[in-house]
Amino acid sequence: MSAIAVAEWKSILDRIRAVHPALIRGWFSSLKPIDLAGGVLRIRAGNLKQVRYLEDECKPAFVESTQHVLEQLVTTAFETDAPNDIADDEGYPLSISENNQLQLNDDYVFDNFVVGAGNRMAHAAAVAAAENPGQVYNPLFIHGDVGLGKTHLLQAICHATRRLGTCPTTLYISCETFANHFIEAVERGAMNQFRFHYRHVDLLVIDDIQFLGARERSQEEFFHTFNTLHQAQKQIVLSADCLPSEIPTLENRLVSRFKSGLVTSIDAPCMETRMAIIRKKSRLRCIEVPEDVIEYVATQIHTNIRDLEGALLRLDAMSQATDGTISMDLARRALADGSEASAISIQQIIDVVTRHFGVRVKDLQSKKRPKSISHPRQVCMYLARELTSHSLEEVGGYFGGRDHSTVLHATRTIKKMVDTDTKVRQSIENLRASLRVQQNGAG
Ligand code: ADP
Ligand code: MG
């Protein structure tokens with residue numbers, strides 16, 4: 001069927017302008033009627049965000065106006081051929097799309113996730129949520145100790161929905177990001193955009209939701225975000241380091257919402273799983289590790305998979321410094337208690353920094369923000385970035401699951417101080433020296 005006449009289209013828009021002036025947006029003039037067939041007038045918009053707005057806010061107005069002008073019983077449908085992207089002009093870099101990638105780690109896919117007794121259920125639920133979003137487990141709440149694979153599973157869901165096309169619009173964020181954007185939106189009077197941004201997604205994935213406990217006003221807002229998405233059967237996936245009921249100062253109504261879908265835990269991996277993970281990671285990074293070394297490393301490190309990976313990288317770095325092979329002897333040296341010849345661990349950095357500033361590790365990992373705590377925390381992050389090969393996300397993971405932007409901010413802050421403040425420069429140099437002593441002492 002053919003498109004409607006230009007004059008008719010103009011009349012439709014004019015009528016909407018006259019009857020529903022509040023709905024009109026500047027970009028309405030770029031809308032194009034495509035065709036009228038089977039009682040449906042198809043209208044093309046410039047992007048998905050416009051489509052959402054038209055669908056959610058303007059459909060009755062368009063239908064009424066079209067029927068009035070054409071004198072036919074028709075409905076309207078909105079579409080776009082632009083790529084899925086609801087990144088908005090507010091500058092929230094949140095949407096996963098072709099143009100606006102959120103920091104998804106390419107390695108964090110289901111294929112690279114080793115399934116074992118400790119994570120079987122969480123893995124199966126994550127796969128199910130990705131394949132049938134909003135249908136089976138909603139919300140899906142995954143909890144477990146740090147370094148056991150929560151972030152990996154959450155990102156795997158995002159990768160999978162993207163590949164399967166099950167969720168055109170996906171938001172993967174940390175709890176901190178949500179809370180910070182909320183505050184920002186309140187301050188800038190941009191709540192409408194904020195709500196639009198968070199409530200028009202097919203999949204909302206929030207990592208480390210336990211931090212919501214400390215954010216009273218964000219809780220209120222999140223409650224409504226949650227309800228809107230849940231009612232629309234949009235998939236929600238959350239992770240935390242504890243059960244919903246154990247999140248300190250989380251409102252009861254949120255606890256009960258979080259419990260209303262599937263709550264599943266990731267437990268520490270067994271020996272077999274640990275070995276399989278080392279095998280997988282070494283293959284991914286093209287590091288050749290003999291079986292006896294794999295077994296040795298898996299015996300030595302049993303609680304945190306991130307540490308398992310750290311050990312592998314250390315082995316690799318040390319082997320590069322010699323003849324490139326990884327032997328049992330090298331492994332023993334690499335894992336020798338507390339320190340090793342050529343790499344510094346985050347734990348060592350934390351030890352040295354907490355001693356230097358007289359603070360406790362627990363404080364560094366807490367949400368506390370006074371300068372006496374935040375400065376040492378930022379110093380740790382700065383040194384970790386400088387002296388270890390951990391990624392921003394990994395460093396954030398060591399400090400209470402903070403997101404990469406926090407780590408980036410911390411390293412920049414300290415860098416600036418080092419450049420401008422002699423006292424800070426001196427104290428960083430002292431810290432580096434203590435770490436070097438430890439390192440050489442062990443080598
Ligand atoms: P969490 O978010 O629970 O602190 P992460 O998801 O960041 O933990 O996992 C830490 C590291 O361990 C990541 O590099 C991740 O790929 C790896 N990891 C965790 N569990 C597994 C698993 N079952 N198979 C493969 N890698 C895993
Ligand atoms: Mg994590």
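The present account deals with the structure reproduced in this document. These figures come from a predicted structure and were not determined experimentally.

**Describing the sheet that holds strand β4 (residues 140-144)**
No. 1: Read from one edge to the other, the open sheet built from 5 strands follows the order β5-β6-β7-β4-β8, with strand pairing classed as parallel. Each edge of the sheet is formed by a strand with only one pairing partner; in this case those strands are β5 (170-174) and β8 (262-266). Adjacent strand axes in the sheet meet at a mean angle of 15 degrees, parallel and antiparallel pairs treated alike.
No. 2: Contacting β4, β7 (235-240) and β8, helix α3 (residues 120-131) runs over the sheet at an angle of about 135 degrees to β8.
No. 3: Against the sheet, helix α4 (residues 150-164) touches β4, β5, β6 (203-207), β7 and β8, its axis set at about 160 degrees to β6.

**Here's the deal with helix α5 (residues 175-188)**
No. 1: For α5, with 14 residues, the first-to-last C-alpha span of 20 Å sits near the 20 Å given by 1.5 Å per residue.
No. 2: Buried within α5 are the following residues: C175, E176, T177, F178, A179, H181, F182 and A185.
No. 3: Against β5, α6 (191-199), β6, α7 (216-231) and α17 (404-420) lie the buried residues of α5.
No. 4: At the exit of α5 stands G189, carrying a positive phi of roughly 60 degrees.

**What about the pairing of β4?**
No. 1: Most of β4 sits inside the fold, with 5 of its 5 residues counted as buried.
No. 2: Because side chains alternate across β4, one face comprises the buried residues L140, I142 and G144, and the other comprises F141 and H143, equally buried.
No. 3: Here 4 bridges tie β4 to β7, and the two strands are oriented parallel to one another. Considered in β7, the bridge of F141 is made with L238.
No. 4: Across 5 bridges, the pairing between β4 and β8 is parallel. Across the sheet, G144 pairs through a bridge with I266, a residue of β8.

**As for the nonpolar core**
No. 1: Ranked by internal contacts, the top residues of the largest apolar core, which has 29 residues, are L204, I206, I209, F222, L238 and F258.
No. 2: Those elements that place two or more of their residues in this core are β5, α5, α6, β6, α7, β7 and α8 (252-259).
No. 3: Not counting chain neighbours up to four residues away, the residues in contact with L204 comprise L171, I173, Y198, F222, T225, L229, Q235, I236 and V237.
No. 4: In this structure, I373, V379, V395 and A410 belong to the second largest nonpolar core, which totals 27 residues.

**Notes on the site of ligand 1**
No. 1: Taken together, 18 residues are adjacent to ligand 1, and V114, G147, H152, K281 and E309 come closest.
No. 2: Between ligand 1 and Y108 there is a distance of 3.2 Å, counted from an oxygen atom to a side-chain nitrogen or oxygen.
No. 3: When residues of the shell around ligand 1 are traced back to their parent elements, those giving at least two are α4, α9 (271-284) and α11 (305-321).
No. 4: The class makeup of the residues in the shell around ligand 1 is 7 nonpolar, 6 polar and 5 charged.
No. 5: The two domains that each donate at least three residues to the shell around ligand 1 are domain 2 (98-266) and domain 3 (270-309 + 320-327).

Cut-offs applied
Residues numbered from 1 in each chain as written. Chains lettered and ligands numbered in written order. Predicted model: local features only at pLDDT ≥ 70, side-chain atom pairs only at ≥ 80, totals over all residues. Heavy atoms only, no water. Pairing = 2+ DSSP bridges. Helix = DSSP H or I, 4+ residues; strand = E, 2+ residues; numbered from the N terminus. Axes fitted to C-alpha atoms, helices over the stretch in contact; angles between N-to-C directions. Contact = heavy atoms within 4.5 Å. Expected span 1.5 Å × (residues − 1). Buried < 20%, exposed > 50% of the residue type's maximum accessible area, 1.4 Å probe, protein only. Core = buried A, V, L, I, M, F, W, Y, C linked by side-chain atoms within 4.5 Å. Near = heavy atom within 4 Å. Polar contact = N/O pair within 3.5 Å; in protein donor to acceptor, adjacent residues only side chain to side chain. Nonpolar A, V, L, I, M, F, W, Y, C, P; charged D, E, K, R; others polar. Domains from an automatic or database assignment.

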